[in-house]
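Architecture at a glance
Given next are the chains, with one letter for each unit.
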Amino acid sequence: EAEVAQSPRYKITEKSQAVAFWCDPISGHATLYWYRQILGQGPELLVQFQDESVVDDSQLPKDRFSAERLKGVDSTLKIQPAELGDSAMYLCASSIGGVSGANVLTFGAGSRLTVL
Amino acid sequence: KQEVTQIPAALSVPEGENLVLNCSFTDSAIYNLQWFRQDPGKGLTSLLLIQSSQREQTSGRLNASLDKSSGRSTLYIAASQPGDSATYLCAHRGSTLGRLYFGRGTQLTVWP
């Protein structure tokens, strides 16, 4: 069964350091999402890509977060500098996309970030 | 801003019980509503997706209903099993390309 791959699974860093997460969506999925999930809460969208273009990054803290999907396939989410409040699970998801209603999202296992 | 509320926040039941998990949303505009399962420390698994034109969807022991007029969705789990123990999240999408808004989830524990 096709999966969304994410790495690393766990990351511990000190505040002010740089952190990067990688996501490889299901082959053929045009839409890629990065979500942040704080413990005990539901995921919140950080950024959404349609192919290589950003569709929605309104909730991305652009002073410290950046995301790219250069060739419209895999994606990287970067945080620099990391702050204590960034400790969370970072989830990547992908979907076929488009207007066909095929909007079922497939999530990866997530990257758990702890900032000390 | 869209708000999605899930009740109860936690539920602990003996094996075999039929369960009802509730989800309510404030935005009357709806494209679809999805139910997900999340095991501890893991990603989300899609369970059911209900389009705005549908009233319910079924998959095995799971049945999800949608009442647009009242802004509610309900997930029914029949004959619960210990393997059903997980957090169940609902997510509302208001338009075709709109973002998903998640509730905080219902943490379910089914004991043998």
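One structure accompanies this document, and this report is about it.

Rules behind the numbers
Residues numbered from 1 in each chain as written. Chains lettered and ligands numbered in written order. Predicted model: local features only at pLDDT ≥ 70, side-chain atom pairs only at ≥ 80, totals over all residues. Heavy atoms only, no water. Helix = DSSP H or I, 4+ residues; strand = E, 2+ residues; numbered from the N terminus. Rg over C-alpha atoms; globule rule 2.2 N^0.38 Å. Buried < 20%, exposed > 50% of the residue type's maximum accessible area, 1.4 Å probe, protein only. Contact = heavy atoms within 4.5 Å. Areas by Shrake-Rupley, 256 points an atom, 1.4 Å probe, with all protein chains shown as cover. Lys, Arg positive; Asp, Glu negative; His and termini not counted. Charge placed at Lys NZ, Arg CZ, Asp CG, Glu CD. Phe/Tyr/Trp six-rings, centres within 6.5 Å; stacked < 30°, edge-to-face > 60°. Pairing = 2+ DSSP bridges. Axes fitted to C-alpha atoms, helices over the stretch in contact; angles between N-to-C directions. Core = buried A, V, L, I, M, F, W, Y, C linked by side-chain atoms within 4.5 Å. Salt bridge = Lys/Arg side-chain N within 4 Å of Asp/Glu carboxyl O.

What follows concerns the overall build of chain A. Each helix and strand in chain A was counted, giving 0 helices and 11 strands. In chain A, the order of α-helices and β-strands from amino to carboxyl end is β-β-β-β-β-β-β-β-β-β-β. Expected size for 116 residues packed as a compact globule is a radius of gyration near 13 Å; at 14 Å, chain A falls within 12% of this value. In terms of its C-alpha atoms, chain A occupies a principal-axis envelope of roughly 45 × 30 × 25 Å. Sorting the 116 residues of chain A into buried and exposed places 46% on the buried side. Within chain A, residue pairs in contact and separated by at least 24 positions form 53% of the contacts whose partners lie at least 6 positions apart. Summed over its atoms, the accessible surface of chain A is roughly 5600 Å², and 50% of this surface lies on carbon and sulfur atoms. A distance of 6 Å separates the average location of the 10 positive side-chain charges in chain A from that of its 14 negative side-chain charges.

Moving on, we get to the packing of aromatic side chains. Under the counting rule described, the total for this entry stands at 8 aromatic pairs over all chains. Measuring from centroid to centroid gives 5.7 Å for A:Tyr35 and A:Phe107, while their planes differ by 45 degrees, and the two rings are tilted. A residue pair is termed long-range when its members are at least 10 positions apart, and A:Tyr35 in strand 4 (residues 31-37) and A:Phe107 in strand 10 (residues 106-107) qualify at 72 residues. A:Phe107 gets classed as buried once you look at its relative accessible area, which sits at 8%. Ring geometry for A:Tyr35 versus B:Phe102: centroids 5.7 Å apart, planes at 85 degrees, classification edge-to-face. Of this pair, A:Tyr35 sits in strand 4 while B:Phe102 sits in strand 10 (residues 100-102), which puts the two residues in different chains. A relative accessible area of 0% means that A:Tyr35 is categorised as buried. Among the aromatic side chains, those forming a connected cluster through ring pairs are A:Tyr33, A:Tyr35, A:Phe107, B:Phe36 and B:Phe102.

The next point concerns the sheet that holds strand 6 (residues 56-59) of chain B. All names here are of chain B. The strand order 1-3-8-7-6 describes an open sheet built from 5 strands, whose pairing is antiparallel. Because the sheet does not close on itself, it has two edges, and the strands there are strand 1 (4-7) and strand 6. Ignoring strand direction, the axes of neighbouring strands in this sheet form an average angle of 15 degrees.

Attention shifts here to the pairing of strand 7 (residues 65-68) of chain A. Residues and elements named next belong to chain A. In terms of strand pairing, strand 7 meets strand 8 (residues 75-79) through 4 bridges, oriented antiparallel. Bridge pairing in strand 8 links Ala67 to Leu77. In sequence, strand 7 turns back onto strand 8 through a hairpin of 6 residues, with Gly72 there showing a positive phi of about 70 degrees.

Judged by nonpolar contacts, the single largest core of 21 residues is most densely connected at B:Leu33, B:Trp35, B:Leu75, B:Ile77, B:Tyr88 and B:Leu108. Listed by contribution, the elements that provide at least two residues to this core are strand 3 (19-25), strand 4 (32-38), strand 5 (44-51), strand 7 (62-67), strand 8 (72-77), strand 9 (86-93) and strand 11 (106-111) of chain B. Top contributing element to this core by residue count: strand 3 of chain B, with 4 residues. With 20 residues, the next largest nonpolar core counts A:Cys23, A:Leu77, A:Ile79 and A:Ala88 among its residues.

Let us look at the pattern of salt bridges. All names here are of chain A. Going through the model one piece at a time under the given rule, you end up with 7 salt bridges over all chains. Arg64 serves as the salt-bridge partner of Glu83, at 3.3 Å between the closest nitrogen and oxygen. Taken together, the residues span a long stretch of sequence, with Glu83 in the loop between strand 8 and strand 9 (88-95) and Arg64 in the loop between strand 6 (53-56) and strand 7 at a distance of 19 residues. The class for Arg64 is buried, based on a relative accessible area of 12%.

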